[in-house]
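Structural description and commentary
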Amino acid sequence: MSVSAEESAVKVCVRVRPLIEREERATAEDSVPAPLYWKADRKSIHQLDDGVTTKSFSYDRVFSSSETTNHLYQDIAKPLVVSAVEGYNGTIFAYGQTSSGKTFTMMGSKLVPGVIPLSMEEVFQTIQNYPQKEFLLGVSYMEIYNETVTDLLVDNWKRKPLEVREALNKNIYVADLTEELVTCLAQALSWVFKGEKNRHYGKTKMNERSSRSHTIFRMILESREKSDPASGDNSEGAIIVSHLNLVDLAGSAQASQTGAEGARFKEGCNINRSLFTLAQVIKKLSDESQRGFTNYRDSKLTRILQNSLGGNAKTVIICTITMAALEETLSTLQFASTAKKMKNDPHVTEVSDVSVSLLKRYRNEIVDLKRRLQEVSSVTHVTATEKESLSQLLQEKDQLQKEQQDRIKNLTKLLVTGSSLMPAKKIPTRRFTWGGKLVRLSGTTERDVGQSDLSFAEHFSRKRKADSSSMELLEEDEECHEEDYSFTTDTGSVRARGDSSDCVSPSGSGQKEADLERRLEEEREEAQANVASLEGWLEEERGEREEAQANVASLEGRLEEERGEREEAQANVASLEGRLEEERGEREEAQANVASLEEERGEAQARLSSLQKEWQLHLLLAREKREAWEEVERLEQRALELEVQRSAQAQEQQVQMLELRLADLQEQSHTEAGPDEQFEETIRVCETLVSEKERVFAERDYLRQEMELLLGQVSSLEKEKGSLAQELRDFKELEEFKALEDDCSDDEKVWSCWTRLTLPTRLRLKHYEHVYALNIMNTFTP
Ligand SMILES: Nc1ncnc2c1ncn2[C@@H]1O[C@H](COP(=O)(O)OP(=O)(O)OP(=O)(O)O)[C@@H](O)[C@H]1O
């Protein structure tokens, strides 16, 4: 049966988790409202940046934080569960960062049941809609922890790593995984809870109870059109086998966020690695242009879910997010968008091979036992005396009858039908609590792939070896058929026959002896017939043994093959080790290179710091020089002023002296000399005064010249200072250029620096035939 394109597409929905206490608390500490990076509507999610939408993603459905798990289940999971009952393989898995609500969605709690318990309930309810069909249901629960697959339905002390194998028909199966048969919801749930208890949880900074492993809860459903084994009808109708996988993935997280150390850190690495492989596989499958080989082998998770990723299954992905994370939510949404492009090829799988279907084998066995029971029941009419002689035979017969009846009852009860799940009626039908004991089938996964060749006798001997603790767990639940879940097992279709063996026929006394002899004769014949039939059985058994030996031989062949594979794997390991060795060598070389580069860097840094010191010194000297020049200028100015002052004072003193002299002379001339002498004296004084005045003027001119000379000197010093400052700048640029040339391999950068150099610096560089400058000139200058 093929399905529409819509059904073959993988359905992807997003569930938004409400803010949890940790996020609220962080907000309260900052006393600012939690930053919400996202906004959601019914079908899409938008990224917000300051209230403005920057990116949008669309999915089949987006569940807001106010929508319940039941909403989600009804909308997206229920159709898949119903189609699993109809015979399609189905997988639902939850993906998202740690603490985003995957386990809450898949497992839920007592008050808010998750997708797994809701699906179990749905399976048993849906079966009631198919009264013409009979079902055989099994459950398994496995965990992938640190890349090791283990069985969650066995007790801790018995748990061992399980191997993932590929059957001849290419189906992937987990060898030796327990598959428990269930006949009612309570039983199924009890296995879910048992597995849940055995699962690995741990505390991290992000989640008080973080799943540290991926888990896959699987229900195996076998169904076929109903036939009545009691009536001997053993029509060979096809059997449909489907798997319903309910997967709770561990969450991705950065070690820094979770505060993971030691074992938690290792778990985190393995989780991230397998999620990365899952994302890679999905990416490959969603890219139409990349058709071809998909490597599912890089992680156990993708290998086990191979069928659900681009294969024969309907798949639903639930991505869980929180509005209070940006990066992690973005990465989950990107994963979801990629997964949406993936296509599967779901179809109903029918099996006709008896060895593959447990249901078929049970049916055949029931019919066979019925036939044998009828044969044994054909012994009738025995007298009281015969009873005595044949009591032993009768006991054996009764025992055989009882065993076969019990067995028919047990096998019939394992078949789940719509009527067997009907709510209990008031009419006094005979009810069984479930079979008394659990039938436990270790290694039944082999039947999935047509590998098992166990006879029913083996199954029942295994039943006796069943784990007593598991049985105790279930025995309580068996009682809940009526009270808790209103499911009951109707055994009306199974009736024990042959109870008429107690009937005794009356006989006449005359013929008694003759009758007795006749009957003894008949009995002897019958006994002979029984012996013959026993011999026949023996023959059959011999045949079976031979068949078993053939199976052993074929198993040995497989063992041989596996040995070959192991050797190949060992060779691969050796070659990988070789590569590892090479890589180690390369790493060491790279480390040596890094060390030498480090050394060079150290040297360069030392040079740089010495250059910086030199440069500082240079600056200091330049400053001192500048200050010295300023001081010289100031002193010269001062000297000039003093000189002018001094000469002015000297002139003033001379004038004063001359005036005094003149006054003396005038006084002398009044007292001592006559008019002629006085006149002569006056003339002399005047002449002295004139000559004195000329001398003073000459001196003034001399001083003026001196000052001009000094001013000339000052301006030349000014010029010299300017050229020194320019030289300093050039020197600095030169140093910068040299440093850039040493450190930089980027021509463009060097060129841009070159263009910023002043012309004298460029000329100087050219003048010194600086290698790089010349190169640059040749490369860039037109
Ligand atoms: N839809 C929801 N409504 C209310 N509380 C929720 C919801 N989803 C998750 N939570 C709460 O958030 C916390 C983390 O959820 P849960 O353990 O399911 O996350 P997880 O994704 O499975 O984390 P991990 O990957 O670490 O196992 C739990 O306390 C859970 O009760």
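Here's what I pulled together on the structure shown here. The model shown is predicted, which means the values in this text are computed figures rather than measured ones. (Residues numbered from 1 in each chain as written. Predicted model: local features only at pLDDT ≥ 70, side-chain atom pairs only at ≥ 80, totals over all residues. Heavy atoms only, no water.)

**What about the site of the ligand?**
- Close to the ligand lie 17 residues; Thr98, Lys102, Phe104, Ser210 and Ser211 are nearest.
- Within the backbone of Ser99, one N or O atom sits 2.8 Å away from an oxygen atom of the ligand.
- The contact in question runs from an oxygen atom of the ligand to an N or O atom on the backbone of Gly101, over 3.0 Å.
- Here the ligand, which alone exposes 630 Å², has 79% of that area covered by the protein.
- Broken down by secondary-structure element, the contributors of at least two residues to the shell around the ligand are strand S1 (11-17), helix H4 (102-106) and strand S13 (210-211).
- Per-element tally for the shell around the ligand: the top contributor is H4, with 3 residues.
- Residue classes in the shell around the ligand are distributed as 3 nonpolar, 10 polar and 4 charged. (Near = heavy atom within 4 Å. Polar contact = N/O pair within 3.5 Å; in protein donor to acceptor, adjacent residues only side chain to side chain. Areas by Shrake-Rupley, 256 points an atom, 1.4 Å probe, with all protein chains shown as cover. Helix = DSSP H or I, 4+ residues; strand = E, 2+ residues; numbered from the N terminus. Nonpolar A, V, L, I, M, F, W, Y, C, P; charged D, E, K, R; others polar.)

**Details of the pairing of strand S16 (residues 314-322)**
- The buried fraction of S16 is high, at 9 of 9 residues.
- Covered by surrounding structure in S16 are Lys314, Val316, Ile318, Thr320 and Thr322 together with Thr315, Ile317, Cys319 and Ile321, the residues of both alternating faces.
- Judged from the 7 bridges that link them, S1 and S16 form a sheet pairing that is parallel. Bridging from a neighbouring strand, Val16 pairs with Ile321 of S16.
- Relative to S16, strand S6 (residues 90-96) runs parallel, the two sharing 7 bridges. Following the sheet pairing, Tyr95 is matched in S16 by Cys319. (Buried < 20%, exposed > 50% of the residue type's maximum accessible area, 1.4 Å probe, protein only. Pairing = 2+ DSSP bridges.)

**Here's the deal with the pattern of salt bridges**
- According to the stated counting rule, one finds 24 salt bridges in the structure shown.
- For Arg695, the salt bridge is made with Glu692, and the minimal N-O distance between the two is 2.8 Å. Of this pair, Arg695 and Glu692 are both found in helix H18 (residues 675-743), 3 residues apart, which corresponds to roughly one turn of the helix.
- Classification of Arg695 as partly exposed rests on a relative accessible area of 36%.
- Its salt-bridge partner being Lys721, residue Glu718 comes within 3.6 Å of it at the nearest N-O pair. With Glu718 and Lys721 both in helix H18, this residue pair falls 3 residues apart, about one helical turn.
- Bridged by salt links that share partners, the residues Glu166, Lys170, Arg297 and Arg303 form one connected network. (Salt bridge = Lys/Arg side-chain N within 4 Å of Asp/Glu carboxyl O.)

**Focus: the sheet that holds strand S4 (residues 52-58)**
- Read from one edge to the other, the open sheet built from 3 strands follows the order S2-S3-S4, with strand pairing classed as antiparallel. Across the chains shown, the open sheet's two edge strands, defined by having one partner strand only, are strand S2 (38-40) and S4. The sheet shows a mean angle of 25° between the axes of neighbouring strands, direction not considered.
- By the bridge criterion, 3 bridges tie S2 to strand S3 (residues 44-49) in an arrangement that is antiparallel. Pairing of Trp38 across the sheet is with Gln47, part of S3.
- Against the sheet, helix H10 (residues 327-340) makes contact with S2, S3 and S4, and its axis sits at roughly 40° relative to S4, the strand it touches most. (Axes fitted to C-alpha atoms, helices over the stretch in contact; angles between N-to-C directions. Contact = heavy atoms within 4.5 Å.)

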